[in-house]
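# Structural overview
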Amino acid sequence: MRFLAEHEVKAWIRGFGIAVPRAGTAPDPRAVEPVASALTPPLVVKAYGPGLVHKSEAGAVRLDLATGAAAAEAAREMLETLAGHGITPDGFLVEEQAEAGVEMIVGTVLDPAFGPVLLAGLGGVWTEVLRDTVLRLCPVTEADARSMLRELRGAALLDGSRGRPPVDRDALVRVLLAVGGPGGVAERLGEAPAEFELNPVVCGPGGAIAVDARLTGLREPPPARGEPVNPGRRPAPRRRDDFDRLFAPRGIAVVGASATRPNFGNMFLGFYRASGVPGTLVAVHPTAAEIDGVPCVRSLAEVPRETDYALVAVPAERCPGVVRRAAGIPYVQVMSGGFREAGRADLESDLVAAAREAGVRLLGPNCMGVYSPAGGQTFLGGEPGRPGRIAVASQSGGMAGEVVKVGERRGLAFSKVATVGNSADVTPAELLRHFSGDPGTSAVGLYLEDPRDGRGLFEALQATAKPVVALIGGLSGQGRHAAASHTGGMVSDARVWDALGAQTGVSVVTSQDDLLGVLHFFDLHACRAAPGDAGVLVIGPSGGAGVLAADVFDAAGLDLTPLPEGTLAPLRELGLGTGGVLANPLETPVGPRADPATVRRAVTAVLGHRPYADVVAHVNVQSFVSYGGTGTGALPAYAHAVGALQEEYGDVRVTLVTRNAECAPTEVESDVRSIARAAGVPVYRTMEAAAVAVAAGRRWQASRRTAGGTDRQE
């Protein structure tokens, strides 16, 4: 490991345009005073050498030294102190002390999944205490750098506080770009396993200066600006697949079904038979002529020529040998577990090598397969759902099955669903690129534990014009342990996913219910122009529910902008506001004895004066059941009224929240969902779920408007 002293790092970063203090070095305390004579006090003296990474804690820094003699005396005292700790420094760095200002930390580290990541935050002694930091994936743009500074909890310090002048933000942004921008420090380091840190960068009205710099982990000297980037560990590019035959194979082969004892292979044969595979279906068995009514061949080398997909469900040790016989089959899925996720990375490497030898693409291992109602693909029992516009890539087969089954129960319909397990070959990034170009897909969901090619995923998300929502497993300490045993990968710091969302528009959610809720919102609302302002109009019964709704939407970063003045008179003509002030949330009588059209009339009055992009109508289902019974049809009538509102205002995104829906009979709730969905209105049981979905829609819309300065269109 190569050690770089602080002055060597600073000499390097000057080539990137980063300001550092004037300085000189001395080999021992006696040489400090002559060096200091060329500098302007006050001065700083620092010892440097291996073992002095954290100088302040080691007593290896002295500040506010008024003369060269004082600097020399500080170096002598420092030498004695360090000797008491068994440390012998290589020398002393003498610098001009920077003027006081806001102290920031700026650094870059190599994330195991996403590559170089830029960090910025409050620095100096507060770095580890406050942990007020923001991340972005490199390379960052100027817009990224400015948004990082805005997102800091302590951002107000940069604008001046307690009579202090604001700092030169432009200078600080230039430092961020020099470190994490195109051609910056992070790009020069490439995939080298190094950590680079400026802490602190002292910021004031006159600029930003790096008063401390550290670079560790290098085995070679740092590359100068303009030298080639170290390509490092970036996965070798693979051929671009269109994946059409993965989701609509002309023929399917199942390896591992038993002629005597039913197993997973038999289960999948049954699924395919029940779903009515449009092409050929064969089982692979060394001796049987047929299994469960499906004809057999002895190996994958003997399958019909039109076979595009093979499912392998045999013990892990046998899988590489089976895959080596699959030449000519475009896609092979290995359902079997027992590879990297079980600590057997060598066996997984052998499996990948077998796939490359055979010239096939490998799905998995440790995955359930593919679901595509239009293409005859399924890994689920029962009749496939109707074809739809939602695509999903999941590293968990069980999670994918839940998303499909629960989603279809809620009215969602899927175009293509692929489970990739350990993602040893086919990655989520590749599938996202395919979904992005698929005319039959309008929204994409991801469940990830280890993206494998995180940089490729980042680039695919930046390039796609379709809305994407991602559920990430393993963000907690215990979750990371579970993810490691599940897919053999470790999930990155949760803040990296926040950065991914900020830079690409992908919405990162924390539950399966929110994943489905956001997909529902995207499915029905992604096509709407939503030209209104940044606010949300909430309308429904009960002042208490409205107050809580305001809290929920505020927590989601959504504004309930005030009602325009011109709406107050027409709203009062509708009988609203008689008991108090008209405001947003707008309290409206909704119940079994109220006119269901009142909500539509009220919203019409408001939209005539302010074009809200989002309208959230809510209803207390319990009141309908308690005061009107279940046979009146009042609740479905209200759903029809909300649907009519959506049909009247096609560009506005209307959302319905059926609070306390469990109080209604199942068939009534289903009717309400069906009525609303037919009119293009997504339905949620809670304000929290609706707020997550609306915020996701806003994030995606904002990303479309800001990417390259124009909308991202297909």
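Residues numbered from 1 in each chain as written. Predicted model: local features only at pLDDT ≥ 70, side-chain atom pairs only at ≥ 80, totals over all residues. Heavy atoms only, no water.

In the annotation of an unreviewed UniProt entry, the chain is listed under the name Acetate--CoA ligase family protein and assigned to Actinomadura alba.

What follows deals with the pairing of strand β2 (residues 43-48). For β2, a buried count of six out of six residues is recorded, marking the element as mostly surrounded by other parts of the structure. Here β2 shows no split at all, with Leu43, Val45 and Ala47 on one side and Val44, Lys46 and Tyr48 on the other all buried. In terms of strand pairing, β2 meets strand β3 (residues 61-65) through three bridges, oriented antiparallel. The residue of β3 that forms the bridge with leucine 43 is leucine 65. One ladder, built from six bridges, connects β2 with strand β4 (residues 91-96); its direction is antiparallel. Bridge pairing in β4 links valine 45 to valine 94. (Buried < 20%, exposed > 50% of the residue type's maximum accessible area, 1.4 Å probe, protein only. Helix = DSSP H or I, 4+ residues; strand = E, 2+ residues; numbered from the N terminus. Pairing = 2+ DSSP bridges.)

We now examine the environment of valine 360. Mapped onto the secondary structure, valine 360 falls in the loop between α12 (345-358) and β17 (361-363). Overall, valine 360 belongs to the buried group, its relative accessible area being 4%. Here the alpha-carbon distance between valine 360 and alanine 326, two residues 34 residues apart in the chain, equals 7.2 Å. Other than its neighbours up to four places away in sequence, valine 360 contacts Val323, Ala326, Ala327, Ile329, Pro330, Val332, Ala355 and Asp425. (Contact = heavy atoms within 4.5 Å.)

Time to look at the pattern of salt bridges. Applying the stated criterion across every chain yields a total of 37 salt bridges. The shortest N-O distance in the salt bridge between arginine 340 and aspartate 450 comes to 3.7 Å. Of this pair, arginine 340 sits in the loop between β16 (331-334) and α12 while aspartate 450 sits in the loop between β21 (443-448) and α15 (454-463), and the two are 110 residues apart along the sequence. On the basis of relative accessibility, which here comes to 18%, the residue arginine 340 falls in the buried class. Given the relative accessible area of 9%, aspartate 450 is considered buried. Within this structure, Glu6, Lys10, Lys46 and Glu95 form a network of salt bridges that share partners. (Salt bridge = Lys/Arg side-chain N within 4 Å of Asp/Glu carboxyl O.)

Strand order in the open sheet formed by four strands is β1-β4-β2-β3, with antiparallel pairing between adjacent strands. With one partner strand each, in any of the chains shown, β1 (23-26) and β3 form the two edges of the open sheet. Along the sheet, successive strands turn relative to each other by an average axial angle of 20 degrees, direction set aside. On the sheet, helix α1 (residues 6-13) packs against β1, β2 and β4 and is oriented at approximately 45 degrees with respect to β4. (Axes fitted to C-alpha atoms, helices over the stretch in contact; angles between N-to-C directions.)

Our focus in this paragraph is the UniProt feature "domain: CoA-binding" (unreviewed entry) in the chain. UniProt annotation of "domain: CoA-binding" (unreviewed entry) refers to residues 246-339 when read in the numbering used here. In residues 246-339, the share of helix is 21% and the share of strand is 26%. The end C-alpha atoms are 23 Å apart. (UniProt positions renumbered as here; feature names shortened; annotations may be inferred.)

Listed as buried for α1 are Glu6, Val9, Lys10, Trp12 and Ile13. The arc enclosing the buried residues of α1, seen along the axis, measures out at 155 degrees, which places them on a common side. (Arc of directions from axis to C-beta.)

The next point concerns the packing of aromatic side chains. Evaluation of the coordinates by the stated rule reveals seven aromatic pairs. Geometrically, the ring pair formed by phenylalanine 114 and tryptophan 497 is edge-to-face, given 5.0 Å between the ring centres and 85 degrees between the ring planes. With phenylalanine 114 in the loop between β5 (102-111) and β6 (115-122) and tryptophan 497 in helix α17 (residues 494-504), this residue pair connects regions lying 383 residues apart in the sequence. As far as burial versus exposure is concerned, phenylalanine 114 and tryptophan 497 are alike and both buried. In this structure an aromatic cluster arises from ring pairing among Trp12, Phe16 and Phe196. (Phe/Tyr/Trp six-rings, centres within 6.5 Å; stacked < 30°, edge-to-face > 60°.)

Core analysis: the largest hydrophobic core is formed by 99 residues, its most contacted members being Leu246, Tyr309, Phe414, Leu431, Leu457 and Phe553. Top element by residues in this core is helix α25 (residues 687-706). It accounts for nine residues. Those residues in contact with phenylalanine 553 that sit more than four places away from it in its chain are Val536, Val538, Leu558, Leu560, Val616, Met687 and Ala691. Ranked by size, the runner-up nonpolar core spans 44 residues in total, among them Val106, Val140, Met148 and Val185. (Core = buried A, V, L, I, M, F, W, Y, C linked by side-chain atoms within 4.5 Å.)

On the basis of which strands lie adjacent, the open sheet formed by six strands has the order β18-β20-β19-β21-β22-β23 and mixed pairing. Two strands close off the open sheet at either side, each with one partner strand: β18 (370-371) and β23 (507-509). Where strand β19 (residues 387-394) lies against β21, five bridges are found, and the strand directions are parallel. Following the sheet pairing, isoleucine 390 is matched in β21 by alanine 443. On top of the sheet, helix α14 (residues 428-437) reaches β19, β20 (414-419), β21 and β22 (468-472); it is set at about 160 degrees to β19, its chief contact.

We now examine the packing of helix α23 (residues 634-648) against helix α24 (residues 666-678). The geometry of α23 relative to α24 is characterised by a closest axis approach of 9 Å and an angle of 15 degrees between their N-to-C directions. With respect to α24, the element α23 is oriented roughly parallel. Of the two possible hands of crossing, α23 and α24 adopt the one that is right-handed. Facing α23, whose interface residues are Leu635, Pro636, Ala639 and His640, α24 presents Val668, Val672 and Ile675. (Parallel < 35°, antiparallel > 145°, perpendicular 65-115°, else oblique. Left-handed = near helix turned anticlockwise from the far one by under 90°.)

Looking at the element boundaries, glutamine 701 is found in helix α25. The buried category is assigned to glutamine 701, whose relative accessible area is 9%. Contacts of glutamine 701, omitting those with residues within four sequence positions, involve Ala529, Ala530 and Arg653.

Residue placement: serine 299 occurs in the loop between β14 (294-297) and β15 (309-312). Judged by its relative accessible area of 12%, serine 299 is buried. Here the side chain of serine 299 touches arginine 325 through a polar contact of 3.4 Å, side chain to side chain. Leaving out residues up to four positions away in the same chain, serine 299 has contacts with Val284 and Arg325. (Polar contact = N/O pair within 3.5 Å; in protein donor to acceptor, adjacent residues only side chain to side chain.)

Residue alternation in β16 divides its side chains into two sets, Tyr331 and Gln333 and Val332 and Val334, and both sets are buried. Examined bridge by bridge, β15 and β16 share four bridges and lie parallel to one another. In the strand pairing of β16, valine 312 is matched with valine 334. Crossover β15 to β16 through helix α11 (residues 319-324) is right-handed. Relative to β17, β16 runs parallel, the two being bridged by three bridges. Looking at β17, one finds that glutamine 333 is bridged to leucine 363. Handedness of the crossover is the feature at issue here: the chain leaves β16, passes through α12, returns alongside β17, and the resulting connection is right-handed. (Right-handed = clockwise from strand over helix to strand, strands pointing away.)

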